[in-house]
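What follows is the residue order along each chain.
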Amino acid sequence: MDSNIAIASSTFQYDLYYFKMDMAKVTELSIVRDKRVYDDVCLVTLSESSWIELYEEYAREPSKLLSRSELTSFSSFKSKRRKQSYLMGRLCAKTACVSLAFNEDDILLSSIEILKGVFEFPVVSHPQLSNIQVSISHVNGFACAIAYSERHPMSIDIECLDEKRCRTMGKKLEEDEIDCQESFCSVNKKRLSNFINTPTDLNSYFNLINWTAKESVSKVLRTGLMCPTRFYEVKACDFLPRESFKDIYDVFGLKEGTFVCVSMFKHFSQYKVISFLDTKLGNVISICLPKKTKLKKFNRPN
Ligand SMILES: CC(C)(COP(=O)(O)OP(=O)(O)OC[C@H]1O[C@@H](n2cnc3c(N)ncnc32)[C@H](O)[C@@H]1OP(=O)(O)O)[C@@H](O)C(=O)NCCC(=O)NCCS
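Since the structure is predicted, the reported quantities are computational estimates derived from the model, not experimental observations.

Asks: Tell me about the site of the ligand, residues and numbers included.
Replies: Neighbouring residues of the ligand: 19 residues in total, closest Glu120, Phe121, Ser137, Gly224 and Leu225. Elements that contribute at least two residues to the shell around the ligand include exactly α4 (80-101), β5 (132-139) and α7 (199-220). Along the lines of polarity and charge, the residues of the shell around the ligand split into eight nonpolar, six polar and five charged. Counting the residues that make up the shell around the ligand, at least three belong to each of domain 1 (10-152) and domain 2 (159-289).

Asks: Lay out the pairing of strand β3 (residues 113-116) in plain terms, naming residues and giving numbers.
Replies: In this structure, β3 lies alongside strand β4 (residues 122-125), joined through four bridges in antiparallel fashion. Along β4, the bridge assignment pairs Leu115 with Val123. Hairpin remark: β3 followed by β4, antiparallel, with five residues in the connecting loop; positive phi at Glu120, about 75°.

Asks: Please give an account of the sheet that holds strand β2 (residues 36-46) that cites residues and values.
Replies: Spatially, the five strands line up as an open sheet ordered β5-β6-β2-β1-β12, and their pairing is antiparallel. At either margin of the open sheet sits one strand with a lone partner, and together these are β5 and β12 (294-297). The sheet shows a mean angle of 25° between the axes of neighbouring strands, direction not considered. Bridging between β2 and strand β6 (residues 142-149) involves five bridges; their strand directions are antiparallel. Paired with Val44 across the bridge in β6 is Ala145.

Asks: Quick one: what's the story with the pairing of strand β10 (residues 271-278), residue by residue and with numbers?
Replies: Burial runs high along β10: eight of the eight residues are buried. Where strand β9 (residues 258-265) lies against β10, seven bridges are found, and the strand directions are antiparallel. Bridge assignment links Met264 to a residue of β10, and that residue is Lys272. Where β9 hands over to β10, the hairpin turn is made up of five residues, counted between the paired strands. With eight bridges connecting them, β10 and strand β11 (residues 283-290) associate as antiparallel partners. Of the residues in β11, the one forming a bridge with Leu277 is Val284. Connecting β10 to the antiparallel partner β11 that follows it, the hairpin turn spans four residues, and Gly282 within it adopts a positive phi of roughly 70°.

Cut-offs used in this document
Residues numbered from 1 in each chain as written. Predicted model: local features only at pLDDT ≥ 70, side-chain atom pairs only at ≥ 80, totals over all residues. Near = placed C-beta within 6 Å. Helix = DSSP H or I, 4+ residues; strand = E, 2+ residues; numbered from the N terminus. Nonpolar A, V, L, I, M, F, W, Y, C, P; charged D, E, K, R; others polar. Domains from an automatic or database assignment. Pairing = 2+ DSSP bridges. Axes fitted to C-alpha atoms, helices over the stretch in contact; angles between N-to-C directions. Buried ≥ 20, exposed ≤ 12 C-beta atoms within 10 Å, placed from the backbone.

Printed below as a string of structure tokens:
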């Protein structure tokens, strides 16, 4: 769903101008648990094509986006790469917060502050956003964030197809995960052959799915990868073909060439990860969420 956000305040409209120009994808979803809508979430993704333009715009005037303490962090970064990821990650996160919580209010993105918790996790601070949190991820020209209610923990992680990095990720697979990789690749080789050219790339995509699943669960737990990755071992990774899982493809408005996989953990059975493998952009985005949650399209009340 390449939807625009239905927010029409003058202050905010300026910030959202770029989003309305289709430079980012804003996906509003409802969480369904026990057959009823439990809460809403908002996912914002920003891809390479708009990254440079948006970065230049906000880097010229970072106070349009960042709070005073965020500006201090931003100025302390030496590398342009880190400045970019910080700014674009926060742009996605704040847009997601506003879309989720503010409907038609006047809100300056710079009034929302995303602080850092003791283990570096993001903490949203704004008088009107008492129980909204975000998860942020960025890599090589891509940024994404998800805003969710604190009572329903979620997280996000993105990685790009990069042969060397994928090989390193492959070396970190646990024994059972290697078996899982072999069966995943042999079962899906034919199905994905129009989109993924070589067996090496298919292996790499599996590694990306596995790695982003681990990073995303580590973010939900707020420990990050400060403990051995074996604790986050994935016990199953299932490919969901579009023919049989049309609903989930529709909910996220996924175009041809993007595929959905679901992973489960050996030790954290209360969570699952939905991964989006985008063969055109060459990346995987994984969202970790409670296992029994279902997602459906958000219907904005009139
Ligand atoms: C969290 C971690 C998995 C992130 O993965 P990554 O692929 O390197 O980076 P991503 O782009 O996907 O994610 C970065 C974002 O994750 C978030 N993050 C960082 N630490 C986090 C944590 N412990 N829990 C949840 N989210 C976290 C931040 O919002 C960060 O973006 P920002 O710095 O621009 O705000 C990884 O950095 C890690 O394990 N960090 C360990 C935490 C750490 O070293 N803490 C310092 C000492 S206490």
